[in-house]
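# Coordinate inspection notes
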Amino acid sequence: MHPNATGANASTFEQFLSQHLERDLLRFTTAGSVDDGKSTLIGRLLYDSKAIYEDQVQSIRQSALNRSTGPMDFSLLTDGLRAEREQGITIDVAYRYFTTARRKFIIADTPGHEQYTRNMATGASTADAAVVLVDARKGVLPQSRRHATIAALLGIPYIIAAVNKMDLIDYSEEMFRRLEGDLEELALQISPSGAQIIQCIPISALEGENVVTRSTKIPWYAGPSLLEYLEEIPIADASSPEALRFPVQYVIRPDDSFRGFAGQIIAGSVRPGDRVVALPSKQTTRVRSIVTFDGPLPLAGTGSSVTLQLEDELDLSRGDLLVSEAGLPNIARRFAANVVWLHATPLDVKKRWVMRQATDELRVQATKIRSRIDVNTMERPLAPQLGLNDIGIVEFEATRNLSFDLYSQNRNSGSFILIDPLTNATVGAGMISENLDKANRRAERELSDARSEAMFQEDISHAASVAVSERARRSGHHPGAVWLGARQSLAAPLERTLFEAGFHVVVIDDAQNPGEWSEGLVRGLYSAGMIVLYSPKYTREKEKHHLTSAIQPDRILDVDSLNQEVGDAFLLQKIVAWVEGLRIARPEEGR
Amino acid sequence: MTQYLYEEECDELPAFSVEGLPSVPRLSHLEMLEAESIHIFREAAASFAAPVMLYSIGKDSSVLLRLAQKAFYPGKIPFPLLHVDTGYKFPEMIEFRDRYVKEIGAELIVHKNQQALDDGATPFALGTQKCCGLLKTRSLLDALEEGGFDAALGGARRDEEKSRAKERIYSFRDAAGQWDPRNQRPELWNYYNGKLDKGEHIRIFPLSNWTELDVWLYIYKENIPIVPLYFAKEREVVVRGGSILLTQGPIPLLPGEKAERRSVRMRSLGCVPCTGAIASHADTLPKIIEEMFGFRRSERENRTIDHDQEGSMEMKKREGYF
Ligand SMILES: Nc1nc2c(ncn2[C@@H]2O[C@H](COP(=O)(O)OP(=O)(O)OP(=O)(O)O)[C@@H](O)[C@H]2O)c(=O)[nH]1
Ligand SMILES: [Mg+2]
């Protein structure tokens, strides 16, 4: 069942071992409305890639509960609870593990039923990718939109839309294209959060079409199978340099001679000798050593669970945060967040909740509910409260400062859960989108005062003239340009989408003076740090190069060079993704 | 030096500079699992008044124990180990337990439901369901209550069985020790809600995301001691109803049965009467791992208790089984 069995002689075994360990890991989740076929799909995926033991297959073949129209009900492979089998629905998320020659997968098969949205959010919160299913006969339902929205808010970067049960519509291309259009629209609606629907695949989970291998029954679809797609998705590189975030989890103090701060690095890396700032106290010290059971480390990166010994005797405890001196997080009492509400007791502005954020725990109160998403229309009307399964934007105030990053920058230090202090239930999940405190500037100035002479000198050098990089730091992105070419219809939606996503963006065209562009204007906008969208009404191809010559080649995207077969929505997704690549990590965003 | 040139716009602290930073190698799959498990151990130690770690002496427990050592190094494991001894464990397991726990300096509590044993509880007399109910589940709940423990860490993995695949890392148990799979706490990101009222407790599974293969690879990589029964050796066995049972301990031969010698090993360790061996020549870790790739059947298949009837694991878990 595993392709990589080797002989047991030592060196080939070591080879096999290192090969096996090098394989990367993709966590993905299913999403979609009830009965769209999520569990059947996962069962099929596991079965067709031979990741199921024979005794498990046997017990399902023999099971009296086959609700499918095929010889075996694949959903029984993941619907592991008695109530699930009896009711024929998934109630709670099932985690399954499998490996192909390319990579390892952790699958979270989540329930579609609205009542169990909290369990879907559980499974999706750690995913790198989501497969959103729709039933080909039913199309995009409110619950499909709810799940897609939650997946996008949770920061899942890749969303694959799978149109399932194609067997029931005779693998009709026409019907698929119609659904694809609806999905494009959904893609647009969730795109401000940066998620992208990367592909729309026609499948039949029951018959195994386009699941593991490409379908022969769908000749009009030329793309890869679902598994092929999942094997190709790029995994976010956690090792890219970032500022350190080390939440103190536990203090290890076996005797008076040792005092270590245990925790998991959630961003950046650390080396002995590094200067670090402890928050909230803002004391500065150096890392003396990185202690582990396997010996001291010269370097530890994101994801590692380590113990840090510091040079100075700082009185730190659980909930404190160690960060790099350059690259401080937000420190604030008031913030706004996207919230998914998980409990029947509603979120309103009166109650106090216990908030867990990184390893910190504090009390918060909602001060304002800005909006609630209506999953039927995807509009965001004002709302007095958030009820069970609602999604909205909420402003909060904590009883003291907390240190955080925006969720878009760090999934760990920008997320939180809310607990009802009376019932102990986990009632809400939040993703911080904004720092609402201005008052903390003073506190940061204090810290600035404490910075070293060397950094002071560096600051002075900034005074000379404002560099492009400084502007970029302020706006959060590099300047860039997009040549829309024949796709001028994208200008307005693109400008809107990018603007909403926080970009400084402007459309310029040659409609007033046909064929005439002011080169000075372009240069000016570009060096002011803007994203410039050229919408050429008259300009011909050969003048394009002249106009864009002022711009670095990797900062301009020529839409004419992209695949013109795809629809507007998908193209827009691609452009937005490219522009997203111009973002820079900004330590002080959100004020 | 108090005058800052950008006094008025101090939002602009110097951005984090990436120059001169060493590149950090990405964690391997096993390293990721290890880091996650250590994180869970530390959460448990930080959030509960009286945690305990269930130690069942099997391969998963061996890995669990090593991870606990790592989580609190250079300190000691800040909670005791609890072995729920049914009285029917393989003698080699008990021997291994006592030697190893002493060697690493951990604190061990052994709990037996002596009353039930005195009353003659055996799987032959009661059937496996009932026997397990008394000697494992009841015994465990009693031990937790006696010790006043509010959290019990265990080595269960989601890939073992399909109702386990549904379990949270922090699994809430009500005052009667029962699991309600329809009403589990949401568990987003790596936030574990361990808040409790009196009498309730949490079962914690740091190995949730490990597979059987991960466990073996880790044992190999870390050189973790395991009970010798996992390695193939010629042993005295009797074949009964398709299972290969070791004849040591309390297994009376039935009329007409004959003991024979075969090269066998255990894939999973439980009680002598209810855990079958597999025919195997794998007497080293690489051979065991290689053998795993050929397995077409699940590891719990050799445990009678798990498939008495459809959904039996879930039923036992609801009642409080680990
Ligand atoms: N004809 C056909 N039926 C399918 C297909 N996929 C799933 N089904 C059937 O659709 C029904 C629901 O399938 P499930 O896999 O349980 O759906 P689900 O999305 O997991 O449902 P929840 O988890 O409860 O939200 C079952 O009867 C399946 O047999 C398919 O591709 N074709
Ligand atoms: Mg399902």
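Quantities reported herein were computed from a predicted structural model and do not represent experimental measurements.

The subject of this paragraph is the overall build of chain B. Scanning chain B for helices and strands turns up nine helices and ten strands. Relative to its full complement of 322 residues, chain B shows a buried share of 61%. When the accessible surface of chain B is split by element, carbon and sulfur atoms take 50% of a total near 12,400 Å².

Below, the discussion takes up the confidence of the model for chain A. Close reading of the predicted structure is inappropriate where its pLDDT is low. The predicted model of chain A averages 86 in pLDDT, with 87% of residues at 70 or higher. Every residue in residues 587-591 of chain A is under pLDDT 50, and counting partners more than four places away or in other chains gives 28 contacts.

A few words on the domain arrangement of chain A. Residues and elements named next belong to chain A. Taken domain by domain, chain A comprises domain 1 (14-232), domain 2 (245-324), domain 3 (333-436) and domain 4 (469-589). Contacts between the two partners involve eleven residues from domain 2 and, on the opposite side, nine residues from domain 3. In this assembly, domain 2 packs against domain 3 so that about 770 Å² is buried in total across both faces, 54% of it on carbon and sulfur atoms. Applying the counting criterion to the domain 2 and domain 3 interface returns one salt bridge. In this structure, Asp405 engages Arg245 in a salt bridge whose closest nitrogen and oxygen atoms are separated by 2.6 Å. The interface formed by domain 2 and domain 3 holds four residue pairs in polar contact (both at pLDDT 80 or more) in total.

All names here are of chain A. Looking at the magnesium ion (ligand 2), the protein donor atoms are Ser39 (OG) and Thr90 (OG1), and they sit 2.0 Å from it. Placement of Ser39 in helix H2 (residues 38-48) and of Thr90 in the loop between helix H4 (82-87) and strand E2 (94-99) is noted, with a sequence separation of 51 residues between them. For the pair Ser39 and Thr90, one class covers both residues: buried.

Further remarks concern the sheet that holds strand E2 (residues 81-84) of chain B. Residues and elements named next belong to chain B. With mixed pairing, six strands are arranged side by side in an open sheet as E3-E2-E1-E4-E6-E5. Among the strands making up the open sheet, the edge pair consists of strand E3 (108-111) and strand E5 (170-173). Pairwise comparison of adjacent strand axes, ignoring direction, gives a mean angle of 30 degrees for this sheet. Pairing between E2 and E3: four bridges, direction parallel. Bridged to Leu81 within E3 is Leu108. Each of E2 and E3 is contacted by helix H3 (residues 91-104), which is oriented at about 155 degrees to E3, the strand it contacts most.

Cut-offs and rules
- Residues numbered from 1 in each chain as written.
- Chains lettered and ligands numbered in written order.
- Predicted model: local features only at pLDDT ≥ 70, side-chain atom pairs only at ≥ 80, totals over all residues.
- Heavy atoms only, no water.
- Helix = DSSP H or I, 4+ residues; strand = E, 2+ residues; numbered from the N terminus.
- Buried < 20%, exposed > 50% of the residue type's maximum accessible area, 1.4 Å probe, protein only.
- Areas by Shrake-Rupley, 256 points an atom, 1.4 Å probe, with all protein chains shown as cover.
- pLDDT = per-residue confidence, 0-100.
- Contact = heavy atoms within 4.5 Å.
- Domains from an automatic or database assignment.
- Buried area = accessible area lost by both parts, 1.4 Å probe.
- Salt bridge = Lys/Arg side-chain N within 4 Å of Asp/Glu carboxyl O.
- Polar contact = N/O pair within 3.5 Å; in protein donor to acceptor, adjacent residues only side chain to side chain.
- Donors = N, O, S within 2.8 Å, 3.2 Å for Na, K, Ca; no water.
- Pairing = 2+ DSSP bridges.
- Axes fitted to C-alpha atoms, helices over the stretch in contact; angles between N-to-C directions.

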